[in-house]
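These are the residues of each chain, in order.
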Amino acid sequence: MSNIPLHSLGRKGKTRAGYVPLNDAQDTDMPTGVLRAVGTRNVNLTVKAKGKQRERYTDADEFDEEATLLGNRDSTLEEVEEGNVGEQSKRPSRRSSGQRPSSIHKTQDKSRTIPFRPPEKLQSKFPPNLVRNQKYNIFTFFPIVIYEQFKFFFNLYFLLVALSQFVPALKIGFIVTYVAPLAFVLCVTMGKEAYDDYKRNLRDREANSQKYLTLVPSSDSGPHTRSVPSSSLQVGDLVVLEKNQRVPADMLDGETDWKLRVAVPATQKLVNDSELLDLDAEVYADAPIKDIHTFIGTFTIHTPRTHSVHDVPMVQVPTVEPLSAENVLWSNTVLAAGSVVGFIVYTGSETRAVMNTSHPETKVGLLDLEINRLAKILCAVTFALSFGLVALNGFRGQWYIYVFRFLILFSSIIPISLRVNLDMGKTVYAQQIMNDSEIPGTIVRTSTLPEELGRIEYLLSDKTGTLTQNEMEMKKLHMGTMSYGFDSMDEVAHQLASAFAHTRSNSIATGAQLAMRGRRDMSSRLRDVVLSLALCHNVTPVTNDDGTLTYQASSPDEVAIVKWTESVGLKLVFRDRTRMELQTPTHARLTYDILDIFPFTSESKRMGIVVRDAHSGEVLFLQKGADVVMARIVQRNDWLEEETGNMAREGLRTLVVARKRLTSQQYAAFKTAHHAASIRLDGRGEAMISVVAEHLEHDLELLGLTGVEDKLQDEVKGTLELLRNGGIKIWMLTGDKIETARCIAISTKLVARNQYIHEVAKLKTSDQVRDELEFLQSKLDCCLVIDGESLQLCLNLYKNEFIEITTKLSAVVACRCSPTQKADVARLIRHHTKKRVCCIGDGGNDVSMIQAADVGVGIVGKEGKQASLAADFSVTQFSYLTKLLMWHGRNSYRRSAKLAQFVIHRGLIISIMQAVFSAIFYFAPIALYQGWLMVGYATIYTMAPVFSLVLDRDVNEDLALIYPELYKELTKGRALSFKTFFQWLMISVYQGAAIMIMSLLLFETEFLNIVSISFTALVINELIMVALEITTWHIYMVISEVVTLFFYVISIAFLPEYFDLDFVVSTRFAWKVAVIVAVSALPLYVIKLIRSRIAPAASSKLL
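Predicted, not measured: the structure shown is a model, and the values here were computed from it. (Residues numbered from 1 in each chain as written. Predicted model: local features only at pLDDT ≥ 70, side-chain atom pairs only at ≥ 80, totals over all residues. Heavy atoms only, no water.)

A. Quick peek at the overall build of the chain. For the chain, the helix and strand inventory stands at 39 helices and 33 strands. By residue count, 56% of the 1103 residues in the chain fall in the buried class. Sequence-distant contacts in the chain: of pairs separated by 6 or more residues, those separated by 24 or more amount to 76%. In the structure as shown, the chain presents an accessible area of about 46,900 Å², 57% of it carried by carbon and sulfur atoms. (Helix = DSSP H or I, 4+ residues; strand = E, 2+ residues; numbered from the N terminus. Buried < 20%, exposed > 50% of the residue type's maximum accessible area, 1.4 Å probe, protein only. Contact = heavy atoms within 4.5 Å. Areas by Shrake-Rupley, 256 points an atom, 1.4 Å probe, with all protein chains shown as cover.)

Written out as structure tokens, the structure is:
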């Protein structure tokens, strides 16, 4: 940073001076806030950090970030050096992406320049820092809910039927029989929506009322802190955060890695917070954007603290420092160490979190849409039937009124009770899920979607925290001739102790002397590799309040390795920017000076460090990295490829460790060349890489190969295998790099053994994309691993072709995905395949994906509850998906499909009887059953037995989990299709006609007897049909059948206007009802028996 000249960006006015080169004094130690991502809200801050915190090391990405701030290098630099700041500020110049806007802003330009202690008028221009997840307010609730209900044909039809009863000419029976069911459905739905939104409001209020300390100026000796609720925080406020305190903002990156954040260097020189408040400074921030990896801004101090030289005042030149994403605390991260003073630059809707999160839409299950389509068919049947009866009557009199009366008479063809039954069924399924003792902690947040769990064909999963615990553990160390597994680490500790004891008794240079021999003993080789691992990293030890030591780093792999070196006896006890101290098994201290660090990047795939032994002066270049790049750097690597492959097949993340001893002359030559490259203005990055490669990265001594395991969540392998056998295609979408994702895909068995893995990365042109797609088309049995950049290019250029091909693959792994990309992939799969997509994740970065899915599942874990709260279903373990889908989802869909068709059958059969009756009695639109008979038929006479179908099951739980292929059968949607619908239609027509015609044939002398015979036969027929549909009897089913029949018999005595009691208790009534029921139900029983023998269901073969 110290030698990077930054140039004017053509700013105007007194405070718009150009950049000046940063002097060496600014290249001081910069303590940083170390962040762990967790949970929920919306503010972004630049940082002043203090306390025991992670120290900042060199980062190659810095140069790219700063390059975007550079204007015309040569001319601008000359003008600044000559002091022509005023002239330069008056001249127009090309604005780069990081340039501050001119004083005249376009209305859509949301970039901002915020002074310290900004006026309230400026602060009020920015959005309030409110969390609002509510779907409605007091004015929008009623109209939106009503619209959502009546946009379905089903409900609209019943509304029109109910309204028709207020027209005297169309009135048939009790108005309450038409209005009450619809009103009940609407009240239940509105009550549920109101309650859900009330719970959201409570969560919002809790988040908005969380207290934070802000720095405010004071006339006393020091600044005061004021406690304010999160919702009152404004742009420009200075917020004080302590360790483990959540940043009052929405989380963007939801992983539990340690995120390094760099404090603004200029503020680190200030003695106390009072000086911070006294600064005449301002922060410029670019307009808010979605990209979580990019932030462009500047920090300007207009009156930097200067001193006179020989009483001659120095020119006051504003100090300008560039700001990047590394200087910003993104939303809702948690400070893991030390304390921070942050300057708010974005609030509310302008934070990255809110911009990346789509507004949740009301999800509607596929079953509901299918039933809505069937309702339209039934409506057409109703119109045809009504019009047909009027036509057969010759369109006599006011025939159009007769058409409407028939429509109302046949309205039971589309039963309003269907919605009531299905909604109640969904409630039962939700309770069964939440009360399942084998998946404790599972919560159903969207009770309208349980059936969707039974029809999932694509599962999109996050990696970190979902498939893995993000807890690394060193499992294997291979040294060419020796290999140490997890169970032999005691031997490593023993050999290391003996090596250090031997070194201590001889001299510190014994290792170097041994290296000159042809064959070193194993303990000294172990000493070298463990020492290299203990030195080659970016890990910092932090002492906690209770005296314990915690390791912090941006990579959990490095923490795992350093913890392992501690476990075998070599402990990292101190580190700052220039020095590192290790404690040996003999409790001696080894001190090493840190001379250079070459950090890991996704391009280099390796990290290196140059250290000097403070005791002997020996200079070592240590390097570790991926085998693909290290193989050409190290010597004698004949065993490396084979062992790396073996570890990779075990799902271990491999790192090759190597070492090179440098003479003082070699290091001096490197340092000179590296410094010369670092001050170049053009091609600086490439030049520095070239110097490192030329002077250091060749002929390294290969020390060993490490294998680190990313611990998987419980039973992940078995769960993925079951889901795959159930016909579900699995995609893993992660923000991690390709190498990590590939290892996890192998270790989780997402990729089958010996399955070819095809990697696609860094695609730049359409020709490359086309070539890759053509290859995939010819090899659909492979697993695709693709990075986010290439994925975006594929979607931009060949979206349809890419989705067409990839949805046929058994597994896809997408790496370096942004939250928006994850959501886009989910939507594309849904749109293209028309299949059900389930997304599962555990962090805030998964919320968009979860909301974009047909079914969103959130895991409650280390990331907090943001994913869980946004999801339709909340679980505590990934493995619970098996039970959720294969058992509860399958049962919910089968039961609802059967329930829906039976309720439709129940309405159709009575309408067919009405049609036959009207046709025989001169096509008169007179109700066959009126008043309480119609009310009772839809409620106490049939409802309990029909609803008991929600407890039916075709196989037991163990079989459903042992044979996931049963789930695959269900995803084809055959449980509720046009075929099954027309089968039930035919059954209804046959049974309705049979009951009515047989009743008329057995006509006595009075019309009253037709009603009593036909209605009794109808009720008994429905009870028998329910019994025929049940696969596995439940005690409630038996009770509901018996109790319903009992209620019907008792109610006859209280309805003399419909039943002749003398006739009902006679034997004539009994045998006539028995004959009618036999004619209507017996053929159905015989057909079912024959079908079970000739074409049995897949589930019945397992019983």
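B. Seen up close, the sheet that holds strand β29 (residues 783-787). Pairing is mixed across the open sheet formed by nine strands, whose spatial order is β14-β33-β32-β31-β15-β27-β30-β29-β28. Two strands bound the open sheet, and with one partner strand each, they are β14 (443-444) and β28 (757-760). Helix α30 (residues 880-920) contacts β15 (456-461), β31 (836-841), β32 (855-859) and β33 (873-875) of the sheet and is inclined by roughly 140 degrees relative to β33. (Pairing = 2+ DSSP bridges. Axes fitted to C-alpha atoms, helices over the stretch in contact; angles between N-to-C directions.)

C. The arrangement of unusual backbone geometry in detail. Of note, the phi angle at D699 is positive, near 55 degrees, even though the residue is not glycine. For D699, the position within the fold is in the loop between α21 (684-695) and β26 (701-712). Residue class for D699 comes out partly exposed when judged on its relative accessible area of 48%. The phi dihedral of R816 falls on the positive side, at around 50 degrees, and the residue is not glycine. With respect to the helices, strands and loops of the structure, R816 is situated in the loop between β30 (811-815) and α27 (819-833). Taking the relative accessible area as the measure of exposure, R816 reaches 47% and is therefore partly exposed.

D. Local environment of the sheet that holds strand β16 (residues 468-478). Strand order across the open sheet formed by nine strands is β17-β16-β26-β25-β24-β23-β22-β21-β20, with antiparallel pairing between neighbours. The sheet terminates laterally at β17 (483-484) and β20 (571-575), the two strands that pair on one side only. Two elements, strand β23 (residues 606-613) and strand β24 (residues 619-625), share seven bridges in a ladder whose sense is antiparallel. Its bridge partner being in β24, R606 is matched across the sheet by G625.

E. Broad picture of a nonpolar patch on the surface. There is a patch of nonpolar side chains on the surface, built from W1033, I1035, Y1036, V1038, I1039, V1042, V1043, F1046, F1047, I1050 and F1054 and spanning about 1,100 Å² of accessible area. Structurally, the position occupied by Y1036 is in helix α37 (residues 1035-1052). Taking relative accessible area as the criterion, Y1036 reaches 35% and is therefore assigned partly exposed. (Patch = residues over 30% accessible without salt bridge, like charges linked within 9 Å, V, L, I, M, F, W, Y side chains within 5 Å. Salt bridge = Lys/Arg side-chain N within 4 Å of Asp/Glu carboxyl O.)

F. Region of the structure containing the pattern of salt bridges. Counted by the stated rule, this structure contains 42 salt bridges. The salt bridge partner of R836 is E452, with a shortest N-O separation of 2.9 Å. Of the two residues, R836 is situated in strand β31 and E452 in the loop between β14 and β15; the sequence distance between them amounts to 384 residues. Like R836, the residue E452 is buried in the burial classification.

G. Molecular detail of the packing of aromatic side chains. This model, assessed by the stated rule, comprises 24 aromatic pairs. Taken together, a centroid distance of 6.2 Å and an interplanar angle of 70 degrees make the contact between Y756 and F775 edge-to-face. A residue pair is termed long-range when its members are at least 10 positions apart, and Y756 in the loop between α23 (738-747) and β28 and F775 in helix α24 (residues 766-778) qualify at 19 residues. Residue class for F775 comes out partly exposed when judged on its relative accessible area of 30%. Each ring, one from F1015 and one from Y1048, has its centre 6.1 Å from the other, and the planes form 40 degrees; the classification is tilted. Pair noted here: F1015 is in helix α36 (residues 1007-1029) and Y1048 is in helix α37, with a separation of 33 residues, a long-range link. Exposure class is identical for F1015 and Y1048. Each is buried. (Phe/Tyr/Trp six-rings, centres within 6.5 Å; stacked < 30°, edge-to-face > 60°.)

H. Broad picture of helix α5 (residues 141-150). All of the buried residues along α5 are F141, V145, E148, Q149 and F150. Check the buried side of α5 and you find it contacts α6 (153-164), α7 (176-208) and α13 (417-434).

I. Quick peek at the confidence of the model for the chain. Confidence along the chain averages 79 in pLDDT terms, with 83% of residues attaining 70 or more. Across residues 253-258, where pLDDT falls below 50, the model places 33 contacts with residues more than four positions away in sequence or in other chains. (pLDDT = per-residue confidence, 0-100.)

J. Just the state of the cysteines, in detail. Under the definition given, this model contains zero disulfides. Lacking any disulfide linkage, C839 is separated from the closest cysteine sulfur, that of C838, by 6.7 Å. Look at C839 and you get buried, because its relative accessible area is 0%. (Disulfide = S-S within 2.5 Å.)

K. Expanded view of α24. The terminal C-alpha atoms of α24, which comprises 13 residues, lie 19 Å apart, in line with the 18 Å expected from a rise of 1.5 Å per residue. Listed in full, the buried residues belonging to α24 are V769, E772, L773 and L776. Relative to the axis of α24, the buried residues are bounded by an arc of 100 degrees and lie together on one face. Among the exposed residues of α24, those pointing more than 90 degrees away from its buried face are E774 and S778. Buried positions along α24 lie against β28, β29, α25 (788-797) and α26 (799-806). (Expected span 1.5 Å × (residues − 1). Arc of directions from axis to C-beta.)

L. Inspection of the environment of G342 at higher detail. By the element assignment, G342 lies in strand β13 (residues 339-347). Given a relative accessible area of 0%, G342 falls into the buried group. Linking G342 and T214, residues 128 residues apart in sequence, is a C-alpha distance of 9.2 Å.

M. A look at the pairing of β28. Pairing of β28 with β29, which is carried by four bridges, proceeds in the parallel orientation. Residue I757 lies in a different strand from β29, and its bridge partner there is C783. In this view, the connection linking β28 to its parallel neighbour β29 by way of α24 has right-handed handedness. (Right-handed = clockwise from strand over helix to strand, strands pointing away.)

N. Summary view of the packing of α6 against α7. At their nearest, the axes of α6 and α7 sit 9 Å apart, and the two run at 145 degrees to each other. The element α6 and its partner α7 pack so that their crossing is left-handed. Contacts from N155, F158, L159, V161 and A162 in α6 reach Y178, V179 and L182 in α7. A per-class count over the contact of α6 with α7 returns seven nonpolar, one polar and no charged. (Left-handed = near helix turned anticlockwise from the far one by under 90°. Nonpolar A, V, L, I, M, F, W, Y, C, P; charged D, E, K, R; others polar.)

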